[in-house]
2 protein chains.
Amino acid sequence: MNVTVLGASSTKFGELWQISPRDLVGRTVADTLLEADIPRRKIQAVIVGNMLSGILGGQEHLGAFFAEELNLKVPAVKVESACASGGMAVHTAVMAIISGLYETVLVVGVEKMTDYKPEELAQALMGAGSDVEREAGATFPALYAMMARVHMDKYQTTETDMAAVAVKNHLHASLNSQAHFPFRITVEQVLASPKVASPLKLLDCSPVTDGAASILLTKSAKIKNKRQVSIIASASSTDSLGLSERQSLDSIKATSIAAKKAFELSAVSPTEVDIAEVHDCFTIAEIMAMEDIGFYKKGEAAPAIREGKTGLNGRPVVNISGGLKASGHPVGATGVKQIVEIYHQLKGDSGKRQVSKARVGLSHNVGGSGASAVIHILKSFK
Amino acid sequence: MNVTVLGASSTKFGELWQISPRDLVGRTVADTLLEADIPRRKIQAVIVGNMLSGILGGQEHLGAFFAEELNLKVPAVKVESACASGGMAVHTAVMAIISGLYETVLVVGVEKMTDYKPEELAQALMGAGSDVEREAGATFPALYAMMARVHMDKYQTTETDMAAVAVKNHLHASLNSQAHFPFRITVEQVLASPKVASPLKLLDCSPVTDGAASILLTKSAKIKNKRQVSIIASASSTDSLGLSERQSLDSIKATSIAAKKAFELSAVSPTEVDIAEVHDCFTIAEIMAMEDIGFYKKGEAAPAIREGKTGLNGRPVVNISGGLKASGHPVGATGVKQIVEIYHQLKGDSGKRQVSKARVGLSHNVGGSGASAVIHILKSFK
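Note that this is a predicted model, so its numbers are computed, not measured.

### Considerations on the relation of the copies chain B and chain A
- The transformation that overlays chain B on chain A combines an axial shift of 0.0 Å with a rotation of 180 degrees, and the residual RMSD is 0.0 Å. Look at the turn and shift together and you get a two-fold axis relating the two.
- Interface overlap between copies is the fraction of interface residues in one copy that are interface residues in the other; for chain B against chain A it reaches 100%, indicating a shared surface.

So this is what it looks like as structure tokens:
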């Protein structure tokens with residue numbers, strides 16, 4: 001598989017009350033097209049990743065909506081897979097291109113979340129979960145807290161280990177002016193933050209964020225005078241919506257299946273990955289992801305993270321953007337923005353947070369509490 | 001393009017208060033797999049077409065939801081394009097297969113509409129329209145009524161012409177025990193029915209319907225001992241969400257662009273089409289569709305329909321299932337069910353409503369008031 005990335009960008013992430021979804025999308029697409037430096041008429045299809053626009057804002061039909069806004073009267077569709085909507089939008093675009101039906105496809109991920117009341121939002125987000133969990137009043141912090149408890153029990157993972165994830169990702173975000181929280185925090189601050197669902201505290205949780213990201217993809221192409229970045233694997237998997245039907249709660253099976261497939265497709269091994277953007281909706285989720293993707297054996301990720309092996313001077317460097325935790329988590333945009341980050345890292349234009357000699361990158365996007373997972377692997381060619 | 005249909009079915013359409021979406025989907029998929037006669041483990045991905053489950057029922061993440069319900073832990077995603085969600089789900093499945101990433105893909109279209117209050121439903125459906133139209137309080141009958149007025153003015157189309165569409169489609173539905181309204185009506189009944197949005201009356205409008213449909217697709221395959229049916233073209237297009245931005249109101253431009261592309265892809269001409277399932281959400285929509293697809297010149301469809309040229313003994317036979325008007329319109333299921341109907345017609349197993357010598361069929365699915373259109377062309381091989 002070889003799908004060339006022509007351009008990619010994301011907006012500032014944060015509480016952007018004054019900016020509408022159409023303006024967020026307009027801005028990121030303008031930036032992406034500027035970088036791609038191809039005329040707008042070359043775009044043959046638009047794939048939109050979004051979860052909440054219908055349920056919260058009453059606007060569906062976002063494919064046609066944004067195609068019109070962008071003055072592109074081309075085939076367009078919205079794909080939805082909860083918090084993995086962005087990743088699934090990229091996966092769909094990859095299929096569209098490899099199928100030969102479309103040569104150049106624009107992927108847009110967008111979410112506007114902060115305009116709504118917290119209780120409305122919490123309810124809407126549980127649209128990603130099982131109806132049993134919704135009826136029981138479970139929320140995502142509660143579900144991930146249960147997974148954290150199992151992981152702690154089985155592998156002696158501690159609250160300090162989880163805090164280390166948040167501290168690392170905030171440190172990374174402090175180098176990213178587009179991050180929702182571009183500042184450092186300490187382990188002590190994480191441990192002292194209010195409990196949300198024990199053992200998860202406020203600073204173990206990713207925030208509610210507005211933002212948009214976009215990527216322009218085309219079939220394998222030679223680009224002049226630029227370091228070339230391609231998607232060399234795109235894979236996805238599913239598992240039960242609810243935790244009660246899972247084989248185990250200390251890992252996300254959909255992640256491990258999708259990762260295995262992606263490594264096979266690309267003939268890349270986990271040890272070759274220089275950077276990874278993983279789905280750290282909660283700190284425990286990053287620990288599990290590191291193991292489920294295959295970077296570490298079960299139980300070995302937490303010590304590695306604590307020792308800085310996934311920080312700026314480690315390998316792979318994980319969530320150099322700040323991750324969902326500190327860069328923010330506008331759900332439909334997240335999976336797209338992960339690939340935007342990797343693209344720029346592999347191109348070598350990530351400024352202050354550039355990872356040296358980054359050649360292979362991996363993105364990992366999860367829907368719900370692990371019912372969907374999408375993995376992409378990207379590689380740069382000189 | 002050659003994607004083989006292995007099996008296809010739909011549930012009874014109607015007001016199915018006692019049946020949940022999961023049961024509707026379970027039933028149609030069981031029927032489709034029975035016909036396809038392949039083991040469930042051969043299914044490599046699931047694409048779900050649905051519009052309203054999130055906005056009305058609070059349940060998103062339908063890809064993973066139905067994958068779990070069907071005991072298929074495979075990649076799954078929901079695609080949404082308003083009333084064209086079903087057609088876009090099939091289009092996505094076709095891309096998935098042609099890309100080579102997935103060999104055998106299950107498409108599910110489902111909608112549960114009758115459990116909600118009419119005003120909730122009307123508001124949710126306008127999620128397919130432009131925000132200007134929503135703010136103005138326009139509904140889809142009002143929007144199509146405006147198009148009808150323009151068509152009447154320009155081509156002397158009459159209310160009796162529109163009534164003839166409803167009469168034909170009800171006649172067809174009377175041969176379809178799965179139709180929402182399997183009975184005949186008369187022109188007089190249509191003309192005397194209550195006005196919804198003048199000139200459209202109650203019997204010019206498709207109903208609010210529950211139902212599900214499914215199709216199992218695979219890469220070009222030779223099937224033993226059966227007449228083989230393949231999708232030989234899949235094309236889509238978009239236009240503005242709102243009517244105010246359209247070039248004209250007497251046609252749906254997205255339809256004509258998608259149809260042109262589909263005829264090119266398949267090297268089939270409109271005169272070769274034996275049967276067509278077109279998107280008759282309102283009677284005027286069928287008249288416009290006949291012209292926009294290219295079966296008739298502008299202004300010539302209404303007389304042809306009136307004269308019976310698209311009825312059971314005509315060519316192409318249009319909406320032999322009863323169409324959206326009489327078979328029903330569960331929005332996410334509609335685009336899938338259109339192809340289910342064509343598949344069975346081309347296989348020759350449509351019983352009382354079998355069209356003789358049907359070899360080439362076309363389906364036409366529209367989202368909103370014409371912001372999205374999807375066309376599929378199917379052909380049977382002996």
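### Remarks on the pairing of strand β2 (residues 45-49) of chain A
Residue and element names in this part refer to chain A.
- Most of β2 sits out of view: five of its five residues are buried.
- Neither face of β2 is open: one carries Ala45, Ile47 and Gly49, the other Val46 and Val48, and all of them are buried.
- Across five bridges, the pairing between β2 and strand β4 (residues 104-111) is parallel. In the sheet register, valine 46 faces β4, and the bridge partner there is leucine 106.
- The pairing of β2 with strand β3 (residues 76-80) spans four bridges and is classified as parallel. Of the residues in β3, the one forming a bridge with valine 46 is alanine 76.

### Remarks on the UniProt feature "domain: Thiolase C-terminal" (unreviewed entry) in chain A
- Per the UniProt entry, the sites bearing "domain: Thiolase C-terminal" (unreviewed entry) are residues 236-379 of chain A in this numbering.
- Secondary structure across residues 236-379 of chain A divides into 37% helix and 17% strand, with the first and last C-alpha atoms of the span separated by 19 Å.

### A closer look at the confidence of the model for chain A
- Overall, the prediction assigns chain A a mean pLDDT of 96, with 100% of residues at 70 or greater.
- Our summary of model confidence lists the complex with pTM equal to 0.97 and ipTM equal to 0.96.

### Side note on the pairing of strand β7 (residues 211-219) of chain B
All names here are of chain B.
- With eight of its nine residues buried, β7 lies for the most part within the structure.
- Bridge count for strand β1 (residues 3-10) against β7 is seven bridges, and the pairing is antiparallel. Directly across from threonine 4, in β7, lies its bridge partner threonine 218.
- Taken together, the eight bridges between strand β4 (residues 104-111) and β7 define a ladder with antiparallel strand orientation. Directly across from glycine 109, in β7, lies its bridge partner alanine 213.

Rules and cut-offs
- Residues numbered from 1 in each chain as written.
- Chains lettered and ligands numbered in written order.
- Predicted model: local features only at pLDDT ≥ 70, side-chain atom pairs only at ≥ 80, totals over all residues.
- Least-squares fit on C-alpha atoms with pLDDT ≥ 70 in both.
- Contact = placed C-beta atoms within 7 Å.
- Buried ≥ 20, exposed ≤ 12 C-beta atoms within 10 Å, placed from the backbone.
- Helix = DSSP H or I, 4+ residues; strand = E, 2+ residues; numbered from the N terminus.
- Pairing = 2+ DSSP bridges.
- UniProt positions renumbered as here; feature names shortened; annotations may be inferred.
- pLDDT = per-residue confidence, 0-100.

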